[in-house]
Amino acid sequence: MFRRTLPMILAFTVGVFMIVQFFVPHPQLQMLYNMVLDWKQVVFGCVLIVGTMTLIRHHALRVRFRKQGYGYSIIALASLFAMVLAAIFWGIETGPYSWLFTNVQVPGQATMFSLLGFFIATAAYRSFRARNVTATLLLLSGVIVMLGRVPAGENMVIGGVSLADLATWILDYPNTAAKRGILIGVGLGMTSTALKIIIGIEQSYLGKGE
Amino acid sequence: MTYSAFSVFLSVLVATGAAAIDFEVVDTPHDGGGSLTLRWEPVARSAVAESVISLGLFRTDGSGEPRGKRADLAFGDSTFFDERLTNGQRYTYEIEAVFPSTITVLARAEGTPSLQWFRTDRIAVFFGVVLFTGLLLWFTYHARSGRQMFIRRIAGLEAVDEAIGRATEMGKPIMYIPGISSMEDVATIASVQILAQVAKKAGEYGTRLMVPNRDPIVMAVAQEIVKESYNQIGRPDLYIQDDIYYVTYSQFGYAAAVSGIMLRERPAANFLLGMFYAESLILSETGNTTGAIQIAGTDSDAQLPFFITSCDYTLIGEELYAASVYLSREPMLLGSLKAQDFAKAAVLALILIGTLLSIAGDTQFAGAFR
Amino acid sequence: MAGMKGLDRTIIYWGVAFSIVIPLLWPIGFSTEVTSQVRDIHRFIEQMPESSAVLMSFDYEPATIAELDPMAAAFLKHLFQRRARVMGMTLLPGGVGLAENLLRQEAAIAGMEYGRNWLFLGYIPDGTAAMLRMGEDVAMVFPTDQYGTALDSFPMMRGVKSYRNMGLVICLSSTAMPQLWAQYAHDRYGAAVAVGATAVEAVRLYPYHDSGQLVGFLGGLKGAAEYETLIQTPGDGIRGMDAQTISHLFIVMMVVLGNIGYAATKWRGRAGASTGRNHAPVA
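So, how was this worked out
Numbering of residues starts from 1 in every chain and runs along the sequence as written. Naming scheme: in the order in which they are written, chains are lettered from A and ligands are numbered from 1. At least 70 in pLDDT is required for a residue's local features to be given in this predicted model, at least 80 for side-chain atom pairs to be given and counted, and no such filter applies to totals for whole chains, interfaces and linings, which use all residues. Excluded from the side-chain calculation are hydrogens and water; included are all heavy atoms of the structure. Here a strand is any run of E in DSSP of at least two residues, a helix any run of H or I of at least four, and the numbering for each starts at the N terminus. A simple rule labels every residue: compare its accessible area, found with a 1.4 Å probe on the protein chains alone, to the largest value its type can have, and call it buried under 20%, exposed over 50%, or partly exposed in between. The contact definition used throughout considers only heavy atoms, calling two residues in contact when any of these lie within 4.5 Å. Only when DSSP finds a minimum of two bridges between them are two strands counted as paired. Where helices are involved, their axes are fitted lines through C-alpha atoms of the stretch in contact, as for all axes, and angles between N-to-C directions lie from 0 to 180°. Throughout this description, the term nonpolar core refers to a set of buried Ala, Val, Leu, Ile, Met, Phe, Trp, Tyr and Cys residues connected via side-chain atoms within 4.5 Å. Domains are outlined according to an automatic or database domain assignment. Should the near helix be turned anticlockwise from the far one by less than a right angle, the crossing is termed left-handed; should it be turned clockwise, right-handed. We define a salt bridge as a side-chain nitrogen of Lys or Arg found within 4 Å of a carboxyl oxygen belonging to Asp or Glu. Summed over both partners, buried area is the accessible surface (1.4 Å probe) that two parts give up on being assembled. Polar contact is the term for a pair of N or O atoms within 3.5 Å; when the atoms are in protein, one must be able to donate a hydrogen and the other to accept it, and sequence-neighboring residues count only if both atoms are side-chain atoms. All residues other than Ala, Val, Leu, Ile, Met, Phe, Trp, Tyr, Cys, Pro, Asp, Glu, Lys and Arg, Gly among them, are scored as polar; the first ten of these are nonpolar and the last four charged. Two joining distances apply to patches: 9 Å for like charges and 5 Å for nonpolar side chains (Val, Leu, Ile, Met, Phe, Trp, Tyr), and every residue must have over 30% relative accessible area and no salt bridge. Computed with a 1.4 Å probe, the accessible areas rest on the Shrake-Rupley method; for each residue, only the protein chains presented here act as cover.

If you tally the helices and strands in chain C, you get 11 helices and six strands. Here the C-alpha coordinates of chain C stretch approximately 75 × 40 × 30 Å along the principal axes. Residues counted as buried form 62% of the 283 residues belonging to chain C. A separation threshold of at least 6 residues defines the contact pool for chain C, and within that pool the share at least 24 residues apart is 75%.

This is the structure we're talking about:
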């Protein structure tokens, strides 16, 4: 009852309600809808606490049983508690929390993001090969967009057309057309999945198998 | 839906020689009532008079309440939404200009708010939902009757067994990344559906499954799904709660942590299925360097090129949603795929008709879908 | 040349590093052309009535500051020039410090007063719920600003209840937030939405701009440089164009060399059939 039937009834009721309120602007429905949104935020806040507890548990167990690489877990736990304590005792606008945020978290995360630049270079080098006609088209498009989107390439002209215009054309038309095609399929797939859950055909999210 | 709109144009200015303005008050469309929309042509200071001090909006209702100021208006303002009104009650609004020695009404208009029961601006969406639901129910019903349905081969899903088998042979774990979005994202729902199938197969082979999560709700669902999957194949002993854990809510913090785990634990198979953003290439390239067999899938079109480059198999867009159906081969779910195909054909037909009519100069057809 | 096929990836990494660092140390001074997606936002803000309310959501974390901070700074400069009333907020916990610093910095430069010209609403979890809720009532999502003062006590919030009363909603993000703002704030509540996105994510915004769901968008550092060009205030965007240009040229050069190597290998008849796997070429 509590593992299957009740969640399915809940999914159906809430799903149908969300569809109805989308089309009916009655204040009572909107009030209920706002209540659902409020509860969603409350649940999310609570689950963040659950997530943090799991994180602590996960790393604490690694340290306790001296699992391979447990030193990283010690660093993770120490960093977590250091930030929390710094925020509690000195606030978040000034003091150690702000210092750690600016001097550790900001450069650390920015470094992670900057790795993309390196990975994109190797990925482009590896995949842009003129193996056949379609791969050659991909290669040419890639090169045109890469050059046409930076100042040095914007002024280059091929056959009377500037590289910037060519790059814009590729992004505006073939790129947008392909994305629209994928978006339409994705939209229908999303609607189908949502309807299957509301109707109760799809239950694997509840752990149900064949 | 009832529209009650009163547009009154009033020219009042005499003494100052300033221009009168167009002013209309209409019931705010497609709302639950209690609101009026006021629109007027923006007033330039010079058009009224250089000496004007301020502009004000005043309201009178028929209930006997005294005339009251609703707002100070800036030169250049052109709209105002008045809310918390009584449906059916008539309200009169005046825009006033204050001069050093006199106050002058620039314009006056009336309106009555009313409740709408149906959002007519969403009629196309409504018919779309009804038709699609009908198709879904129809094909599901037919699938139940045992009619065989064809589903094309998806290479990435055929390789799931191969990937798990490889990890088993090498005695290494499998890493399953359910994307970095939340549970309300359909890609995440599709991903946890595939996780159920992957967990069962991993359980059958007795291979360790790791699921690092960015969203705590997804983590809770993933734990439940893996546990249930192991139960179903009779191997509840394989379930280790600590292997399905929360990492961090930070996008690149998550990418850093998972990349580190890949380099340390060296999983033999990586599944990257769900919603991914800019971190996709960091994850898949790191997996690529460790030599793991990688199966990716996302409906995030911007990330598809990265996955195609770095992974062995990639599920594109809606293939991700079809994956759990493909792996489970449940007839009722297969019916839903058929409904999707028909709906897609209908959308394509509408696009074609719309394009032809637009070329022919018709604007009504395309306008109906705005 | 055939040796290019098995090139050590660290050589490419070093090349990328040098192609970025050198132009940053010794600038060249490239100028950039402005695309329609960027021009549309600029035009929209120019045509907005003075002192319009603008909601600016800093939906990014420290990782993407290199691309998104210059955009945010350029938007703020322009909005303050137009005397807009800016409400800053974030849907990510890591965005609080970034948004706060940038708002303070740009407000101080423009001489804007807190509570009258700008304010910071802070962080709210669960983005979609917050976006939808603000279509009904901003004060229900943010009853107070980041520092605990009730919203209705700020002069700039007079007459601002929901998206209806806002001239523009701006989202700066490295994830799918822009699409969500378009789908919820624009499609559902009719708000005008403009976006600043990382270059990786910007590619998916073209359909949204074409359909009118977005006023426009800034893509990556180039988008920031274009906006800085329009407001005639050079910043980190324009400064970064040199590094971006040289690194793009380097990647194109590597792609060309890779293809020459590939062609040479093929010509010698040593190229094997495609394995369907993507592992081998870069060591």
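In this section: the sheet that holds strand E14 (residues 313-316) of chain B. Residue and element names in this part refer to chain B. Strand order in this open sheet of six strands is E11-E10-E9-E12-E13-E14, and the pairing throughout is parallel. Of all the strands in the sheet, just strand E11 (244-246) and E14 have a single pairing partner and so form its edges. Ignoring strand direction, the axes of neighbouring strands in this sheet form an average angle of 15°. In this structure, strand E9 (residues 174-177) lies alongside strand E10 (residues 209-213), joined through two bridges in parallel fashion. Counted as the bridge partner of isoleucine 174 is leucine 209 from E10. Relative to the sheet, helix H9 (residues 319-328) contacts strand E12 (269-273), strand E13 (293-298) and E14, its axis offset from that of E14 by approximately 105°.

In this section: the nonpolar core. Within the largest apolar cluster, 107 residues are counted, with the highest numbers of intra-cluster contacts made by Tyr176, Leu209 and Phe271 of chain B. In terms of residue count, the dominant contributor to this core is helix H4 (residues 186-205) of chain B (11 residues). Those residues in contact with phenylalanine 271 of chain B, other than ones at most four positions away along the chain, are Val160, Ala163, Ile164, Ile174, Met175, Tyr176, Ile177, Val198 and Ile295 of chain B. Among the nonpolar cores identified, the runner-up in size contains 46 residues, and Val24 of chain A together with Met87, Phe142 and Leu151 of chain C belong to it.

Our next topic: the domain arrangement of chain C. Under the domain assignment used here, chain C contains domain 1 (2-28 + 240-267) and domain 2 (36-234). A separation of 36 Å is found between the C-alpha centroids of domain 1 of chain C and domain 2 of chain C.

Turning next to the packing of helix H3 (residues 155-170) of chain B against H4 of chain B. Between two packed helices, both the angle of their axes relative to each other and the distance between the axes serve to describe the pair. All names here are of chain B. Put simply, H3 and H4 touch, their axes get as near as 10 Å, and they point 35° apart. Every pair of crossing elements has a handedness; the one defined by H3 and H4 is right-handed. Between H3, through Val160, Asp161, Ile164 and Thr168, and H4, the contact on the second element is made entirely by Val198, Lys201, Ala202 and Tyr205.

Residue and element names in this part refer to chain B. Within the structure shown, the criterion is met by 29 salt bridges over all chains. Notably, a salt bridge pairs arginine 90 with glutamate 110, separated by 3.5 Å at the nearest N-O pair. Here glutamate 110 lies in strand E8 (residues 103-111) and arginine 90 lies in the loop between strand E6 (79-82) and strand E7 (91-98), a separation of 20 residues in the sequence. For glutamate 110, a relative accessible area of 25% corresponds to the partly exposed category.

Turning to the interface of chain B and chain A, a few remarks are in order. Taken together, the contact between chain B and chain A spans 73 residues of the former and 57 residues of the latter. Counting each side, the surface lost to burial between chain B and chain A is near 5800 Å², with a carbon and sulfur contribution of 67%. The interface formed by chain B and chain A holds four salt bridges in total. Of the charged contacts in the structure, one is a salt bridge between lysine 179 of chain A and aspartate 301 of chain B, with a shortest N-O distance of 3.7 Å. Here chain B and chain A share 10 residue pairs in polar contact (both at pLDDT 80 or more) between them. Examining the composition of the side of chain B that touches chain A, we find that nine residues originate from one element, helix H5 (residues 216-232) of chain B, more than from any other.

This brings us to the sheet that holds strand E5 (residues 193-197) of chain C. Residue and element names in this part refer to chain C. Spatially, E3-E2-E1-E4-E5-E6 is the arrangement adopted by the six strands of the open sheet, whose pairing is parallel. Strands with a single pairing partner mark the edges of an open sheet, and in this sheet they are strand E3 (118-123) and strand E6 (216-219). On average, each strand axis in the sheet is inclined to that of its neighbour by 15°, with strand direction left out of account. Inspection of the sheet shows E5 paired to E6 by four bridges, in the parallel sense. Among the inter-strand pairings, valine 195 is bridged to a residue of E6, identified as phenylalanine 217. Against the sheet, helix H10 (residues 220-230) contacts E5 and E6, and its axis sits at roughly 115° relative to E6.

So, on to the interface of chain C and chain A. Taken together, the 66 residues of chain C in the interface contact 50 residues of chain A. Around 5200 Å² of area is buried between chain C and chain A when both sides are counted, 64% of it from carbon and sulfur atoms. Seen at the junction of chain C and chain A, the total is two salt bridges. Aspartate 38 of chain A is the partner of arginine 133 of chain C in a salt bridge, and the nearest nitrogen-oxygen pair spans 2.9 Å. The interface formed by chain C and chain A contains 11 residue pairs in polar contact (both at pLDDT 80 or more). Those elements that provide at least two residues to the side of chain C that touches chain A are helix H1 (9-25), helix H3 (65-81), helix H4 (95-110), helix H5 (127-134), helix H9 (206-210), H10 and helix H11 (236-267) of chain C. The greatest single-element share of the side of chain C that touches chain A, amounting to 13 residues, is contributed by H11 of chain C. Classifying every residue of the side of chain C that touches chain A gives 33 nonpolar, 18 polar and 15 charged.

Moving on: a nonpolar patch on the surface. Residue and element names in this part refer to chain A. Side chains of Met31, Leu32, Met35, Trp39, Val42 and Val43 sit close together on the surface and give an oily, nonpolar patch of about 580 Å² of accessible area. Inspection of the secondary structure puts tryptophan 39 in helix H2 (residues 27-64). Its relative accessible area of 55% is what places tryptophan 39 among the exposed residues.

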